[in-house]
Amino acid sequence: MYSEKQTKNDEMEDVKEITDVIGGYGPWQRRLFIIFVLASFVPAWHNLVIAFFAPNIDYWCSRPSSFSNLTVEQWKNKSIPIEKKNGEIFYSHCERYDNYDRIETNLTTTKCDTWEYDKSFYEATIIDEWDLVCDDEWMVSLTQSLYMAGFLVATIMFGQLADRFGRRPIILICVVIVVTSGLGTAFSSSFAMFTALRFLVALGSAGLLTTGFVVLVEVVGPKHRTIFGIAIQFGWAAGYTILPGIAWLLPNWSHIQMAISIPCIGFFSLWWILPESPRWLLTHNKFNEAEKELVKVMFVNKKDMSHLHNALKILKAKAEKEEELEKRSHVTVIDLLRYPNMRKKTINIYLSWFVISFTYYALSLSTNDLGGSPFINFVISGAVEFPAYAVSVFAINNLGRRKCMVSTMVVGGLACILTIPIPDSLLWLRIMFAMCGKFFVTAAFAIVYVYTAELFPTVVRNVGVGSSSMFARIGSMVAPFLKELGKFTNTGVPLAIYGALSIIAGLLTLLLPETTNRAIPDTLEQGEKFTRESNNGVENIV
(Lines give C-alpha, C1' and ligand atoms only; values in the text may rest on other atoms or scores of the structure.)
Protein backbone atom coordinates (compact mmCIF):
# COMPACT_ATOMS: atom_id res chain seq x y z
CA MET A 1 0.00 0.00 0.00
CA TYR A 2 2.85 2.32 0.86
CA SER A 3 4.44 1.64 -2.50
CA GLU A 4 1.18 2.37 -4.30
CA LYS A 5 0.74 5.64 -2.34
CA GLN A 6 4.33 6.63 -3.04
CA THR A 7 3.82 5.97 -6.76
CA LYS A 8 0.76 8.24 -6.76
CA ASN A 9 2.71 11.00 -5.01
CA ASP A 10 5.53 10.67 -7.53
CA GLU A 11 3.02 10.95 -10.36
CA MET A 12 1.59 14.11 -8.83
CA GLU A 13 5.07 15.61 -8.50
CA ASP A 14 5.62 15.00 -12.22
CA VAL A 15 2.59 17.12 -13.10
CA LYS A 16 4.03 20.43 -14.27
CA GLU A 17 1.61 21.33 -17.07
CA ILE A 18 -1.60 20.14 -18.67
CA THR A 19 0.12 17.86 -21.18
CA ASP A 20 1.51 15.82 -18.28
CA VAL A 21 -2.13 14.88 -17.59
CA ILE A 22 -3.65 14.56 -21.08
CA GLY A 23 -0.50 13.43 -22.89
CA GLY A 24 1.85 15.48 -25.05
CA TYR A 25 0.46 14.05 -28.27
CA GLY A 26 -2.53 11.85 -29.01
CA PRO A 27 -5.69 11.52 -31.14
CA TRP A 28 -7.20 14.67 -29.60
CA GLN A 29 -4.18 16.85 -30.46
CA ARG A 30 -4.01 15.25 -33.90
CA ARG A 31 -7.64 16.23 -34.51
CA LEU A 32 -6.94 19.86 -33.57
CA PHE A 33 -3.83 19.85 -35.74
CA ILE A 34 -5.84 18.77 -38.79
CA ILE A 35 -8.46 21.47 -38.10
CA PHE A 36 -5.90 24.25 -37.93
CA VAL A 37 -3.91 22.96 -40.91
CA LEU A 38 -7.12 23.21 -42.96
CA ALA A 39 -7.80 26.64 -41.44
CA SER A 40 -4.34 27.76 -42.66
CA PHE A 41 -5.63 27.45 -46.25
CA VAL A 42 -7.81 30.51 -45.62
CA PRO A 43 -5.15 33.19 -44.97
CA ALA A 44 -2.94 31.74 -47.71
CA TRP A 45 -5.71 32.04 -50.30
CA HIS A 46 -6.88 35.51 -49.36
CA ASN A 47 -3.38 36.86 -48.81
CA LEU A 48 -1.87 35.77 -52.12
CA VAL A 49 -4.90 35.91 -54.43
CA ILE A 50 -4.10 39.52 -55.37
CA ALA A 51 -1.58 38.09 -57.88
CA PHE A 52 -4.57 36.75 -59.88
CA PHE A 53 -6.92 39.62 -59.13
CA ALA A 54 -4.37 42.00 -60.69
CA PRO A 55 -2.26 39.97 -63.16
CA ASN A 56 0.00 41.40 -65.83
CA ILE A 57 -2.40 42.08 -68.70
CA ASP A 58 -1.98 44.24 -71.76
CA TYR A 59 -4.04 47.43 -72.15
CA TRP A 60 -4.17 50.48 -74.41
CA CYS A 61 -6.19 53.62 -75.08
CA SER A 62 -9.76 52.89 -76.12
CA ARG A 63 -10.91 53.23 -79.70
CA PRO A 64 -13.44 56.03 -80.21
CA SER A 65 -16.77 55.02 -81.70
CA SER A 66 -15.77 56.42 -85.09
CA PHE A 67 -12.88 53.91 -85.20
CA SER A 68 -14.77 50.88 -83.90
CA ASN A 69 -14.47 49.22 -87.31
CA LEU A 70 -10.67 48.93 -86.85
CA THR A 71 -9.10 45.82 -85.37
CA VAL A 72 -6.97 46.20 -82.25
CA GLU A 73 -3.76 45.87 -84.27
CA GLN A 74 -4.93 48.41 -86.83
CA TRP A 75 -5.85 50.83 -84.05
CA LYS A 76 -2.49 50.39 -82.31
CA ASN A 77 -0.52 50.85 -85.53
CA LYS A 78 -2.48 53.96 -86.35
CA SER A 79 -2.81 55.75 -83.02
CA ILE A 80 -0.60 54.30 -80.24
CA PRO A 81 3.04 55.46 -79.92
CA ILE A 82 5.88 52.98 -79.47
CA GLU A 83 7.86 52.95 -76.20
CA LYS A 84 11.07 51.24 -75.13
CA LYS A 85 12.04 50.30 -71.58
CA ASN A 86 14.62 47.84 -70.19
CA GLY A 87 15.36 46.66 -73.72
CA GLU A 88 11.69 45.86 -74.38
CA ILE A 89 9.71 47.57 -77.20
CA PHE A 90 5.93 47.84 -76.80
CA TYR A 91 2.89 49.97 -77.57
CA SER A 92 2.27 52.69 -75.01
CA HIS A 93 -0.24 51.82 -72.30
CA CYS A 94 -1.02 55.35 -71.21
CA GLU A 95 -0.77 57.63 -74.26
CA ARG A 96 -2.14 57.98 -77.78
CA TYR A 97 -1.57 60.40 -80.63
CA ASP A 98 -3.75 63.50 -80.65
CA ASN A 99 -4.37 63.26 -84.34
CA TYR A 100 -5.60 59.84 -85.40
CA ASP A 101 -5.16 60.71 -89.11
CA ARG A 102 -1.63 61.84 -88.35
CA ILE A 103 1.11 62.70 -90.74
CA GLU A 104 4.69 61.71 -89.89
CA THR A 105 5.77 65.17 -88.66
CA ASN A 106 4.92 67.22 -85.59
CA LEU A 107 3.39 64.30 -83.66
CA THR A 108 1.91 65.08 -80.24
CA THR A 109 0.45 62.70 -77.68
CA THR A 110 -2.14 62.90 -74.93
CA LYS A 111 -2.93 60.71 -71.92
CA CYS A 112 -5.64 58.10 -72.23
CA ASP A 113 -8.92 58.70 -70.42
CA THR A 114 -10.39 55.24 -71.08
CA TRP A 115 -8.79 51.89 -71.87
CA GLU A 116 -9.31 48.57 -73.57
CA TYR A 117 -7.91 45.38 -72.03
CA ASP A 118 -6.58 42.09 -73.32
CA LYS A 119 -9.19 39.52 -72.32
CA SER A 120 -7.77 36.60 -74.26
CA PHE A 121 -7.50 34.65 -71.01
CA TYR A 122 -8.70 36.70 -68.03
CA GLU A 123 -12.41 37.48 -68.31
CA ALA A 124 -12.33 40.08 -65.55
CA THR A 125 -9.71 41.48 -63.19
CA ILE A 126 -9.78 44.33 -60.69
CA ILE A 127 -7.52 46.18 -63.12
CA ASP A 128 -10.14 46.46 -65.87
CA GLU A 129 -12.98 46.60 -63.32
CA TRP A 130 -11.77 49.93 -61.89
CA ASP A 131 -9.11 51.04 -64.44
CA LEU A 132 -6.17 50.56 -62.06
CA VAL A 133 -3.63 51.50 -64.70
CA CYS A 134 -1.18 54.29 -65.52
CA ASP A 135 -1.51 57.02 -62.85
CA ASP A 136 -3.69 54.71 -60.72
CA GLU A 137 -1.54 51.59 -61.08
CA TRP A 138 -0.07 52.06 -57.60
CA MET A 139 -3.51 51.46 -56.09
CA VAL A 140 -3.06 47.69 -56.59
CA SER A 141 -0.09 47.83 -54.22
CA LEU A 142 -2.09 50.05 -51.88
CA THR A 143 -4.93 47.56 -51.52
CA GLN A 144 -2.49 44.73 -50.75
CA SER A 145 -0.62 46.92 -48.27
CA LEU A 146 -3.89 47.76 -46.50
CA TYR A 147 -4.72 44.05 -46.47
CA MET A 148 -1.45 43.42 -44.62
CA ALA A 149 -2.35 46.27 -42.27
CA GLY A 150 -5.37 44.15 -41.36
CA PHE A 151 -2.96 41.36 -40.40
CA LEU A 152 -1.08 43.80 -38.18
CA VAL A 153 -4.24 45.01 -36.44
CA ALA A 154 -5.44 41.42 -35.96
CA THR A 155 -2.15 40.39 -34.37
CA ILE A 156 -2.52 43.12 -31.75
CA MET A 157 -6.28 43.07 -31.24
CA PHE A 158 -7.20 39.38 -31.31
CA GLY A 159 -4.22 38.35 -29.20
CA GLN A 160 -5.51 40.49 -26.34
CA LEU A 161 -9.15 39.50 -26.89
CA ALA A 162 -8.27 35.80 -26.93
CA ASP A 163 -6.38 36.18 -23.66
CA ARG A 164 -9.37 37.90 -22.07
CA PHE A 165 -12.42 36.12 -23.50
CA GLY A 166 -11.00 32.75 -24.53
CA ARG A 167 -9.61 31.11 -27.67
CA ARG A 168 -12.83 29.45 -28.83
CA PRO A 169 -15.14 32.53 -29.08
CA ILE A 170 -12.46 34.55 -30.87
CA ILE A 171 -11.88 31.79 -33.43
CA LEU A 172 -15.63 31.56 -34.07
CA ILE A 173 -15.91 35.35 -34.46
CA CYS A 174 -13.00 35.29 -36.92
CA VAL A 175 -14.74 32.60 -38.98
CA VAL A 176 -17.87 34.79 -39.22
CA ILE A 177 -15.75 37.81 -40.27
CA VAL A 178 -13.90 35.82 -42.94
CA VAL A 179 -17.06 34.30 -44.45
CA THR A 180 -19.19 37.46 -44.52
CA SER A 181 -16.48 39.87 -45.67
CA GLY A 182 -15.03 37.30 -48.09
CA LEU A 183 -18.36 36.75 -49.83
CA GLY A 184 -19.05 40.49 -49.74
CA THR A 185 -15.73 41.20 -51.47
CA ALA A 186 -16.85 39.19 -54.49
CA PHE A 187 -19.75 41.62 -55.01
CA SER A 188 -17.80 44.85 -54.45
CA SER A 189 -19.20 47.72 -56.50
CA SER A 190 -16.22 50.05 -56.02
CA PHE A 191 -12.52 49.88 -55.37
CA ALA A 192 -12.99 51.48 -51.94
CA MET A 193 -15.54 48.82 -50.99
CA PHE A 194 -13.21 46.09 -52.29
CA THR A 195 -10.29 47.41 -50.23
CA ALA A 196 -12.35 47.87 -47.05
CA LEU A 197 -13.79 44.36 -47.21
CA ARG A 198 -10.36 42.89 -47.95
CA PHE A 199 -9.11 44.60 -44.80
CA LEU A 200 -11.84 42.79 -42.84
CA VAL A 201 -10.92 39.50 -44.53
CA ALA A 202 -7.34 40.00 -43.36
CA LEU A 203 -8.56 40.80 -39.87
CA GLY A 204 -10.57 37.58 -39.65
CA SER A 205 -8.13 35.24 -41.37
CA ALA A 206 -5.14 36.49 -39.35
CA GLY A 207 -7.11 36.17 -36.12
CA LEU A 208 -8.10 32.62 -37.08
CA LEU A 209 -4.50 31.69 -37.93
CA THR A 210 -2.77 33.22 -34.89
CA THR A 211 -5.35 32.14 -32.30
CA GLY A 212 -5.43 28.63 -33.73
CA PHE A 213 -1.65 28.50 -33.51
CA VAL A 214 -1.81 29.52 -29.83
CA VAL A 215 -4.35 26.78 -29.06
CA LEU A 216 -2.18 24.16 -30.72
CA VAL A 217 0.93 25.24 -28.81
CA GLU A 218 -1.01 25.15 -25.52
CA VAL A 219 -2.22 21.56 -25.90
CA VAL A 220 0.88 19.71 -27.17
CA GLY A 221 3.85 18.63 -25.08
CA PRO A 222 7.11 20.63 -24.99
CA LYS A 223 9.05 18.20 -27.17
CA HIS A 224 6.32 18.36 -29.85
CA ARG A 225 5.91 22.15 -29.97
CA THR A 226 8.75 22.88 -32.37
CA ILE A 227 7.56 20.24 -34.84
CA PHE A 228 3.89 21.25 -34.57
CA GLY A 229 4.75 24.96 -34.72
CA ILE A 230 6.43 24.45 -38.08
CA ALA A 231 4.25 21.61 -39.39
CA ILE A 232 1.12 23.76 -39.20
CA GLN A 233 2.70 25.86 -41.96
CA PHE A 234 2.11 22.95 -44.35
CA GLY A 235 -1.52 24.10 -44.45
CA TRP A 236 -0.40 27.51 -45.70
CA ALA A 237 1.86 25.87 -48.30
CA ALA A 238 -0.96 23.58 -49.49
CA GLY A 239 -3.35 26.51 -49.87
CA TYR A 240 -0.60 28.44 -51.68
CA THR A 241 -0.07 25.59 -54.17
CA ILE A 242 -3.79 25.00 -54.81
CA LEU A 243 -4.61 28.68 -55.44
CA PRO A 244 -3.22 28.96 -59.02
CA GLY A 245 -5.34 25.96 -60.03
CA ILE A 246 -8.46 27.75 -58.80
CA ALA A 247 -7.42 30.93 -60.64
CA TRP A 248 -6.73 29.02 -63.86
CA LEU A 249 -10.15 27.35 -63.79
CA LEU A 250 -11.94 30.61 -62.93
CA PRO A 251 -10.39 33.52 -64.91
CA ASN A 252 -12.74 36.04 -63.29
CA TRP A 253 -11.64 37.74 -60.06
CA SER A 254 -15.15 37.72 -58.58
CA HIS A 255 -15.55 33.99 -59.20
CA ILE A 256 -12.14 33.29 -57.67
CA GLN A 257 -13.14 35.26 -54.57
CA MET A 258 -16.33 33.21 -54.29
CA ALA A 259 -14.38 29.97 -54.70
CA ILE A 260 -11.98 30.76 -51.84
CA SER A 261 -14.73 32.11 -49.55
CA ILE A 262 -17.46 29.45 -49.84
CA PRO A 263 -15.33 26.60 -48.37
CA CYS A 264 -14.85 28.74 -45.23
CA ILE A 265 -18.55 28.18 -44.45
CA GLY A 266 -17.52 24.67 -43.39
CA PHE A 267 -15.67 26.18 -40.42
CA PHE A 268 -19.03 27.06 -38.85
CA SER A 269 -18.93 23.41 -37.73
CA LEU A 270 -16.27 24.51 -35.19
CA TRP A 271 -19.20 25.67 -33.04
CA TRP A 272 -19.82 22.00 -32.21
CA ILE A 273 -16.34 20.47 -32.40
CA LEU A 274 -13.86 23.12 -31.21
CA PRO A 275 -13.09 22.97 -27.46
CA GLU A 276 -11.87 25.81 -25.32
CA SER A 277 -8.19 25.64 -24.42
CA PRO A 278 -7.99 23.85 -21.03
CA ARG A 279 -4.93 25.92 -20.17
CA TRP A 280 -6.88 29.17 -20.69
CA LEU A 281 -9.76 27.87 -18.55
CA LEU A 282 -7.41 27.08 -15.68
CA THR A 283 -5.63 30.43 -15.77
CA HIS A 284 -9.01 32.22 -15.69
CA ASN A 285 -10.38 30.41 -12.64
CA LYS A 286 -12.82 28.28 -14.64
CA PHE A 287 -12.00 25.13 -12.70
CA ASN A 288 -15.20 23.17 -13.40
CA GLU A 289 -15.17 23.94 -17.14
CA ALA A 290 -11.50 22.93 -17.33
CA GLU A 291 -12.24 19.61 -15.61
CA LYS A 292 -15.08 18.86 -18.04
CA GLU A 293 -12.88 19.60 -21.05
CA LEU A 294 -10.00 17.52 -19.68
CA VAL A 295 -12.30 14.55 -19.07
CA LYS A 296 -13.28 14.64 -22.75
CA VAL A 297 -9.65 14.95 -23.84
CA MET A 298 -8.43 12.14 -21.62
CA PHE A 299 -11.22 9.88 -22.85
CA VAL A 300 -10.17 10.48 -26.47
CA ASN A 301 -6.47 10.03 -25.61
CA LYS A 302 -7.27 6.98 -23.44
CA LYS A 303 -5.65 8.37 -20.30
CA ASP A 304 -6.22 7.31 -16.69
CA MET A 305 -8.61 9.78 -15.01
CA SER A 306 -8.30 8.56 -11.43
CA HIS A 307 -5.85 11.33 -10.44
CA LEU A 308 -7.39 14.10 -12.53
CA HIS A 309 -8.87 16.09 -9.64
CA ASN A 310 -5.60 16.21 -7.67
CA ALA A 311 -3.65 17.02 -10.80
CA LEU A 312 -5.99 19.93 -11.52
CA LYS A 313 -5.35 21.36 -8.06
CA ILE A 314 -1.60 21.32 -8.72
CA LEU A 315 -2.04 22.90 -12.16
CA LYS A 316 -4.40 25.52 -10.76
CA ALA A 317 -1.93 26.52 -8.04
CA LYS A 318 0.87 26.74 -10.62
CA ALA A 319 -1.28 28.83 -12.98
CA GLU A 320 -2.20 31.25 -10.17
CA LYS A 321 1.45 31.63 -9.22
CA GLU A 322 2.45 32.37 -12.84
CA GLU A 323 -0.43 34.83 -13.20
CA GLU A 324 0.61 36.66 -10.02
CA LEU A 325 4.22 36.78 -11.22
CA GLU A 326 3.08 38.16 -14.58
CA LYS A 327 1.00 40.86 -12.88
CA ARG A 328 3.95 41.91 -10.71
CA SER A 329 6.40 42.01 -13.61
CA HIS A 330 4.39 44.52 -15.73
CA VAL A 331 6.77 43.97 -18.65
CA THR A 332 6.46 45.99 -21.86
CA VAL A 333 8.43 46.54 -25.05
CA ILE A 334 10.30 49.29 -23.17
CA ASP A 335 11.86 46.61 -20.95
CA LEU A 336 13.36 44.98 -24.03
CA LEU A 337 15.18 48.21 -24.86
CA ARG A 338 16.20 49.24 -21.34
CA TYR A 339 19.37 47.16 -21.06
CA PRO A 340 22.20 47.56 -23.66
CA ASN A 341 22.69 43.89 -24.54
CA MET A 342 18.96 43.17 -24.62
CA ARG A 343 18.46 46.26 -26.76
CA LYS A 344 21.03 45.09 -29.33
CA LYS A 345 19.49 41.62 -29.53
CA THR A 346 15.96 42.99 -29.76
CA ILE A 347 16.72 45.44 -32.59
CA ASN A 348 18.68 42.71 -34.38
CA ILE A 349 15.82 40.21 -34.25
CA TYR A 350 13.29 42.92 -35.21
CA LEU A 351 15.35 43.59 -38.35
CA SER A 352 15.39 39.87 -39.19
CA TRP A 353 11.59 39.62 -38.90
CA PHE A 354 11.08 42.73 -41.04
CA VAL A 355 13.49 41.56 -43.77
CA ILE A 356 12.27 37.95 -43.85
CA SER A 357 8.61 38.98 -44.17
CA PHE A 358 9.44 41.76 -46.63
CA THR A 359 11.43 39.37 -48.86
CA TYR A 360 8.95 36.50 -48.55
CA TYR A 361 5.97 38.55 -49.74
CA ALA A 362 7.96 40.44 -52.36
CA LEU A 363 9.00 37.11 -53.91
CA SER A 364 5.56 35.53 -53.52
CA LEU A 365 3.74 38.42 -55.19
CA SER A 366 6.21 38.88 -58.05
CA THR A 367 5.89 35.48 -59.75
CA ASN A 368 4.04 37.19 -62.62
CA ASP A 369 7.20 39.18 -63.40
CA LEU A 370 9.59 36.22 -63.75
CA GLY A 371 8.43 35.34 -67.26
CA GLY A 372 6.80 32.17 -68.52
CA SER A 373 3.47 30.91 -67.18
CA PRO A 374 2.43 32.80 -64.01
CA PHE A 375 0.39 29.77 -62.94
CA ILE A 376 3.31 27.34 -63.15
CA ASN A 377 5.60 29.86 -61.43
CA PHE A 378 3.08 30.23 -58.62
CA VAL A 379 2.71 26.47 -58.16
CA ILE A 380 6.49 26.07 -57.97
CA SER A 381 6.74 28.99 -55.54
CA GLY A 382 4.20 27.31 -53.25
CA ALA A 383 5.61 23.81 -53.68
CA VAL A 384 9.11 24.79 -52.54
CA GLU A 385 7.65 25.64 -49.13
CA PHE A 386 7.01 21.96 -48.33
CA PRO A 387 10.70 20.91 -48.40
CA ALA A 388 11.66 24.26 -46.84
CA TYR A 389 9.57 23.56 -43.73
CA ALA A 390 10.68 19.92 -43.60
CA VAL A 391 14.36 20.82 -43.88
CA SER A 392 14.05 23.59 -41.28
CA VAL A 393 12.69 21.12 -38.67
CA PHE A 394 15.70 18.86 -39.21
CA ALA A 395 18.22 21.69 -39.46
CA ILE A 396 17.38 23.62 -36.30
CA ASN A 397 17.53 20.47 -34.19
CA ASN A 398 20.84 19.27 -35.61
CA LEU A 399 22.75 22.34 -36.78
CA GLY A 400 21.58 24.99 -34.33
CA ARG A 401 19.26 27.98 -34.61
CA ARG A 402 21.81 30.72 -35.33
CA LYS A 403 23.70 28.81 -38.03
CA CYS A 404 20.45 28.00 -39.78
CA MET A 405 19.24 31.63 -39.62
CA VAL A 406 22.49 32.97 -41.02
CA SER A 407 22.79 30.41 -43.82
CA THR A 408 19.16 30.58 -44.98
CA MET A 409 19.07 34.39 -45.09
CA VAL A 410 22.48 34.84 -46.74
CA VAL A 411 22.02 32.08 -49.34
CA GLY A 412 18.46 33.24 -50.01
CA GLY A 413 19.68 36.81 -50.56
CA LEU A 414 22.47 35.68 -52.88
CA ALA A 415 19.99 33.65 -54.96
CA CYS A 416 17.80 36.74 -55.41
CA ILE A 417 20.75 38.87 -56.54
CA LEU A 418 22.02 36.19 -58.95
CA THR A 419 18.60 36.23 -60.64
CA ILE A 420 19.21 39.78 -61.94
CA PRO A 421 21.81 39.22 -64.72
CA ILE A 422 20.15 36.10 -66.17
CA PRO A 423 18.80 36.87 -69.70
CA ASP A 424 15.33 36.02 -71.00
CA SER A 425 16.86 33.25 -73.12
CA LEU A 426 17.67 31.38 -69.90
CA LEU A 427 14.23 31.75 -68.35
CA TRP A 428 14.43 28.35 -66.61
CA LEU A 429 17.62 29.42 -64.83
CA ARG A 430 16.09 32.70 -63.68
CA ILE A 431 13.07 30.90 -62.25
CA MET A 432 15.33 28.34 -60.57
CA PHE A 433 17.36 31.01 -58.76
CA ALA A 434 14.22 32.89 -57.75
CA MET A 435 12.72 29.69 -56.33
CA CYS A 436 15.97 28.94 -54.48
CA GLY A 437 15.64 32.36 -52.89
CA LYS A 438 12.04 31.59 -51.97
CA PHE A 439 13.06 28.22 -50.50
CA PHE A 440 15.65 29.67 -48.14
CA VAL A 441 13.55 32.68 -47.11
CA THR A 442 10.63 30.36 -46.29
CA ALA A 443 12.92 28.21 -44.17
CA ALA A 444 14.15 31.35 -42.39
CA PHE A 445 10.53 32.34 -41.67
CA ALA A 446 9.94 28.98 -39.93
CA ILE A 447 13.20 29.11 -37.98
CA VAL A 448 12.84 32.68 -36.73
CA TYR A 449 9.67 31.79 -34.79
CA VAL A 450 11.48 29.14 -32.75
CA TYR A 451 14.70 31.16 -32.39
CA THR A 452 12.90 34.29 -31.18
CA ALA A 453 10.88 32.41 -28.55
CA GLU A 454 14.10 30.99 -27.11
CA LEU A 455 16.06 34.23 -27.33
CA PHE A 456 13.79 36.35 -25.13
CA PRO A 457 13.61 35.73 -21.34
CA THR A 458 10.47 34.05 -20.00
CA VAL A 459 9.09 37.23 -18.39
CA VAL A 460 9.10 39.08 -21.73
CA ARG A 461 8.73 36.18 -24.17
CA ASN A 462 5.16 36.96 -25.26
CA VAL A 463 6.00 40.65 -25.57
CA GLY A 464 9.15 39.83 -27.56
CA VAL A 465 7.53 37.44 -30.01
CA GLY A 466 4.45 39.66 -30.40
CA SER A 467 6.43 42.83 -31.08
CA SER A 468 8.71 40.94 -33.48
CA SER A 469 5.64 39.76 -35.38
CA MET A 470 4.54 43.40 -35.68
CA PHE A 471 7.76 44.19 -37.55
CA ALA A 472 7.07 41.26 -39.86
CA ARG A 473 3.66 42.77 -40.66
CA ILE A 474 5.26 46.13 -41.39
CA GLY A 475 7.64 44.36 -43.79
CA SER A 476 4.73 42.69 -45.56
CA MET A 477 2.96 46.08 -45.86
CA VAL A 478 6.01 47.60 -47.58
CA ALA A 479 6.63 44.63 -49.90
CA PRO A 480 3.86 45.35 -52.49
CA PHE A 481 5.31 48.79 -53.29
CA LEU A 482 8.64 47.28 -54.30
CA LYS A 483 6.98 46.13 -57.50
CA GLU A 484 6.11 49.76 -58.28
CA LEU A 485 9.76 50.72 -57.78
CA GLY A 486 10.77 48.11 -60.34
CA LYS A 487 8.38 49.59 -62.90
CA PHE A 488 9.83 53.08 -62.53
CA THR A 489 13.48 51.96 -62.47
CA ASN A 490 14.52 48.47 -63.51
CA THR A 491 13.04 45.06 -62.81
CA GLY A 492 16.32 44.04 -61.17
CA VAL A 493 16.17 46.79 -58.54
CA PRO A 494 13.64 45.06 -56.24
CA LEU A 495 15.64 41.81 -56.40
CA ALA A 496 18.81 43.70 -55.50
CA ILE A 497 17.13 45.42 -52.55
CA TYR A 498 15.63 42.43 -50.80
CA GLY A 499 18.63 40.29 -51.72
CA ALA A 500 21.03 42.77 -50.13
CA LEU A 501 18.82 43.24 -47.06
CA SER A 502 18.60 39.47 -46.54
CA ILE A 503 22.39 39.14 -46.63
CA ILE A 504 22.91 42.06 -44.23
CA ALA A 505 20.27 40.84 -41.74
CA GLY A 506 21.64 37.30 -41.98
CA LEU A 507 25.19 38.38 -41.20
CA LEU A 508 23.99 40.50 -38.27
CA THR A 509 22.43 37.35 -36.82
CA LEU A 510 26.01 36.21 -36.10
CA LEU A 511 25.97 38.72 -33.24
CA LEU A 512 23.14 36.83 -31.50
CA PRO A 513 23.71 33.93 -29.07
CA GLU A 514 23.05 30.31 -29.98
CA THR A 515 20.06 28.85 -28.09
CA THR A 516 20.29 25.18 -29.09
CA ASN A 517 20.92 22.94 -26.06
CA ARG A 518 21.22 25.95 -23.78
CA ALA A 519 18.95 26.81 -20.90
CA ILE A 520 16.94 29.82 -22.00
CA PRO A 521 16.88 32.85 -19.68
CA ASP A 522 13.93 33.47 -17.37
CA THR A 523 14.58 36.98 -16.07
CA LEU A 524 15.65 40.23 -17.71
CA GLU A 525 18.92 40.05 -15.79
CA GLN A 526 19.66 36.60 -17.20
CA GLY A 527 18.63 37.83 -20.65
CA GLU A 528 21.11 40.70 -20.37
CA LYS A 529 23.92 38.24 -19.55
CA PHE A 530 22.87 35.79 -22.29
CA THR A 531 25.45 36.49 -25.03
CA ARG A 532 27.11 34.65 -27.89
CA GLU A 533 30.48 34.53 -26.13
CA SER A 534 29.45 32.67 -22.98
CA ASN A 535 26.49 31.61 -20.88
CA ASN A 536 27.26 34.18 -18.19
CA GLY A 537 25.34 32.44 -15.45
CA VAL A 538 22.78 30.61 -17.55
CA GLU A 539 23.65 26.94 -17.32
CA ASN A 540 24.09 24.66 -20.30
CA ILE A 541 21.57 21.91 -20.80
CA VAL A 542 23.36 18.58 -20.45
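Structural data are supplied above this passage.
Because the structure is a prediction, the values reported are computed rather than measured. (Residues numbered from 1 in each chain as written. Predicted model: local features only at pLDDT ≥ 70, side-chain atom pairs only at ≥ 80, totals over all residues. Heavy atoms only, no water.)

Asker: Please set out the packing of helix α4 (residues 41–48) against helix α10 (residues 191–219) residue by residue, giving values where relevant.
Answerer: What describes two packed helices is the angle between their axes and the distance between those same axes. In the contact formed by α4 and α10, the axes pass within 9 Å of each other and the chain directions differ by 150 degrees. Classified by the angle their axes make, α4 and α10 are roughly antiparallel. Viewed along their axes, α4 and α10 form a crossing whose handedness is left-handed. Here V42, P43, H46 and N47 of α4 come into contact with α10, specifically with R198, V201, S205 and L209. (Axes fitted to C-alpha atoms, helices over the stretch in contact; angles between N-to-C directions. Helix = DSSP H or I, 4+ residues; strand = E, 2+ residues; numbered from the N terminus. Parallel < 35°, antiparallel > 145°, perpendicular 65-115°, else oblique. Left-handed = near helix turned anticlockwise from the far one by under 90°. Contact = heavy atoms within 4.5 Å.)

Asker: Let's hear about the environment of S366: which residues, and what values?
Answerer: Within the secondary structure, S366 sits in the loop between α19 (340–364) and α20 (374–383). For the pair S366 and P55, spaced 311 residues apart in the sequence, the C-alpha separation amounts to 9.9 Å.

Asker: Tell me what's going on with empty space enclosed by the protein, and back it up with residues and numbers.
Answerer: In this structure the tally under the stated criterion is one cavity of 30 Å³ or more. Every residue along the wall of the largest cavity is listed here: L363, S366, L370, S381, A434, M435, K438, L495 and Y498. Among the secondary structure elements, those contributing two or more residues to the lining of the largest cavity are α23 (427–455) and α25 (492–508). If one sorts the elements of the lining of the largest cavity by residue count, α23 sits on top with three residues. Grouping the amino acids of the lining of the largest cavity by side-chain chemistry returns six nonpolar, two polar and one charged. (1 Å grid on protein atoms, 1.4 Å probe; cavity = no way out; pocket = protein on both sides within 12 Å on 5 of 7 lines; lining within 4 Å. Points joined across faces, edges and corners; volume = space filled by probe spheres on them. Nonpolar A, V, L, I, M, F, W, Y, C, P; charged D, E, K, R; others polar.)

Asker: Go over the state of the cysteines, please, and point to the residues and values.
Answerer: The final tally for this structure, using the stated rule, is two disulfides. Cysteine pairing for the chain, with bonded cysteines counted in sequence order: 1-3, 2-4. (Disulfide = S-S within 2.5 Å.)

Asker: Tell me about helix α21 (residues 385–398), and name the residues and values.
Answerer: The end-to-end C-alpha distance of α21, which contains 14 residues, comes to 20 Å, matching closely the 20 Å that a straight helix rising 1.5 Å per residue would cover. Taken as a whole, α21 has its buried residues at E385, A388, Y389, S392, V393, A395 and I396. On its buried face, α21 sits against α11 (222–231), α12 (233–249), α19, α20, α22 (401–419) and α23. Where α21 terminates, the next one or two residues include G400, which has phi positive at roughly 100 degrees. (Expected span 1.5 Å × (residues − 1). Buried < 20%, exposed > 50% of the residue type's maximum accessible area, 1.4 Å probe, protein only.)

Asker: Go over the pattern of salt bridges with me, naming the residues and quoting the values.
Answerer: Pairs can form between side chains of opposite charge once their charged atoms are near each other. Scanning the model with the defined rule gives five salt bridges in all. One salt bridge connects R63 with E116, and the closest N-O pair in it is separated by 3.0 Å. In this pair, R63 is assigned in the loop between β1 (59–61) and α6 (72–79) and E116 in strand β6 (residues 115–117), connecting sequence segments 53 residues apart. (Salt bridge = Lys/Arg side-chain N within 4 Å of Asp/Glu carboxyl O.)

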